[in-house]
Amino acid sequence: MMKLRPFGIALCSFLFASALVYGESPPNVTPAADGDLPVEEAVLTSAPQVPPPITRRHPARVKVDVEVVEKVMRLSDGVEYIMWGFGGTVPGPFIRVREGDTVEFHLHNHPSSKLPHNIDLHAVTGPGGGAASSFTAPGHSSTFSFEVLNPGLFVYHCATAPVGMHIANGMYGLILVEPKEGLPEVDREYYVMQSEFYTTGGYGEEGLQPFSMEKALREDADYVVFNGSVGSMVGDNALRADIGETVRLFIGNGGPNLVSSFHVIGEIFDSVYVEGGTTVNKNVQTTMVPAGGSTIAEFRVEVPGTFILVDHSIFRAFNKGAIGMLKVEGEENLSIYSGKQEDTVYQPEGQVSTATPDSTAPALTPQQRLSEGERIFNQSCFACHQANGQGLAGIFPPLAQSDYLLADVDRAIRGIIEGQKGEMVVNGKTYNQIMPPQALSNDEIASVVSFVNRSWGNEGEMVEPDRVRKVRESLSSHE
């Protein structure tokens, strides 16, 4: 059981008492008159979608209705988690208002909820960001209002004790306060929010996973993800754009603990609104997003392809799930990016390379071949397909017990020689990634395919270099 020091107990008691006073038994207060402000319903969207830009040039009274729902949701393939979500989603809905607006916020806590909840919006100027005024028991609703005084992109989250646990279970989102003059026009806008999850089981361990307070206190996250789950923005769910379009990303970090190093591989941010405010930085490669903070990144896409969104604390991306995709379509622009123009053997002076298609390495025993294959796998394949061949859910397909891999050995060999791209269905699940060609000799390919075919419960065949040579020759004859 977690132990709180006296200060922590006093603080939690104060917050809880304040919430009861201002939440369930609100005083009879007449709100200040808003004059003749027009009233409108807020357009709310789920990630990665964003409400349309605000075109009016006058303030309004904007009504926001958000329901808190506690329910089992997907965290990764085969992994479920009881999430507490604003609007029934993780992250919660994107809220878009204008500087000078008055927001009338209605928070509803579904009757099936087990716990009370509230909301702290960082866009609020007032005690607790609205938390004290919005403490809401299951089956109840609370209403409060606030004027948005400062433009920027702000995080909101639950602030009911224990605050960290409510945030860790999915209670966060973004509210954009557009400046009075509006934001510059762009072609595409997307909502991307990073957060981490702390589960009793390790990464990828299947079943319903309970929250682990012990891991959260150690900041030992099992999952670091975008938009609430592994693979939420890959494959068919990838972000989209066309050549020549400008893209704006509204990026938040729900935390509760980790700072994000947000990066789009193969792009440079033309403009970054530092920490979601009005200071603009130019030509940025990677931008820091603190826990409970945000940023806005804008860039123009110049060439087609799949651009990977990552937390550049890179093990989080390839080992904990912090990966998304932006798929850009259009004509190639070879003056900006040529793609591979040549692939030749590099042999430093005095060195003898065996990594050539015509390698004449001595024959290996089966055990030697498997050992050599394991070495090559750990050198070239481990980062994507993982140590036990399970891949990354929704991103990199598994090699362990893979029906796709084991069904056609020659296809696997071709994939290593030529690389692979486009959709493939592995064990009933669709993947759409790019694997570049691997500069391996026939002997090396035979070894790594043999190792994979005989590892992690796979019962595939051993492969000899001569088979790889024949596949390579057949590819050459079709060029």
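This structure is a prediction, so every number in the text was calculated from the model and none was measured.

Rules used in this analysis
- Residues numbered from 1 in each chain as written.
- Predicted model: local features only at pLDDT ≥ 70, side-chain atom pairs only at ≥ 80, totals over all residues.
- Heavy atoms only, no water.
- Helix = DSSP H or I, 4+ residues; strand = E, 2+ residues; numbered from the N terminus.
- Buried < 20%, exposed > 50% of the residue type's maximum accessible area, 1.4 Å probe, protein only.
- Contact = heavy atoms within 4.5 Å.
- Areas by Shrake-Rupley, 256 points an atom, 1.4 Å probe, with all protein chains shown as cover.
- Pairing = 2+ DSSP bridges.
- Axes fitted to C-alpha atoms, helices over the stretch in contact; angles between N-to-C directions.
- Core = buried A, V, L, I, M, F, W, Y, C linked by side-chain atoms within 4.5 Å.

Asks: Can you help me understand the overall build of the protein in this one?
Replies: Within the protein one finds 10 helices and 23 strands. Sorting the 479 residues of the protein into buried and exposed places 49% on the buried side. Sequence-distant contacts in the protein: of pairs separated by 6 or more residues, those separated by 24 or more amount to 69%. Element-wise, carbon and sulfur atoms account for 53% of the exposed surface of the protein, whose accessible area totals about 22900 Å².

Asks: Could you clarify how one ought to interpret the sheet that holds strand E20 (residues 305–311) in this entry?
Replies: Backbone hydrogen bonds are what pair the strands of a sheet, in a parallel or an antiparallel way. With respect to topology, 5 strands assemble into an open sheet ordered E13-E21-E20-E15-E18, the strand pairing being mixed. Unpaired on one side and paired on the other, strand E13 (239–242) and strand E18 (286–289) mark the two borders of the sheet. The mean angle between the axes of side-by-side strands here comes to 20°, regardless of whether they run parallel or antiparallel. Relative to strand E21 (residues 323–329), E20 is paired through 6 bridges, and the arrangement is antiparallel. Across the sheet, the residue bridging to Leu 309 is Gly 324, located in E21.

Asks: Which parts of the structure should I look at to understand the nonpolar core?
Replies: In this structure, Phe 197, Leu 249, Phe 262, Leu 309 and Leu 326 are the most contacted members of the largest nonpolar core, which totals 65 residues. Top element by residues in this core is strand E10 (residues 188–197). It accounts for 5 residues. With residues up to four places along the chain from it excluded, the contact list for Phe 262 reads Val 192, Phe 226, Leu 249, Ile 251, Phe 269, Gln 285, Thr 286, Thr 287, Val 289, Leu 309 and Val 310. Core analysis: the next-biggest nonpolar cluster, separate from the first, contains 26 residues, Ala 60, Val 64, Val 66 and Val 68 among them.

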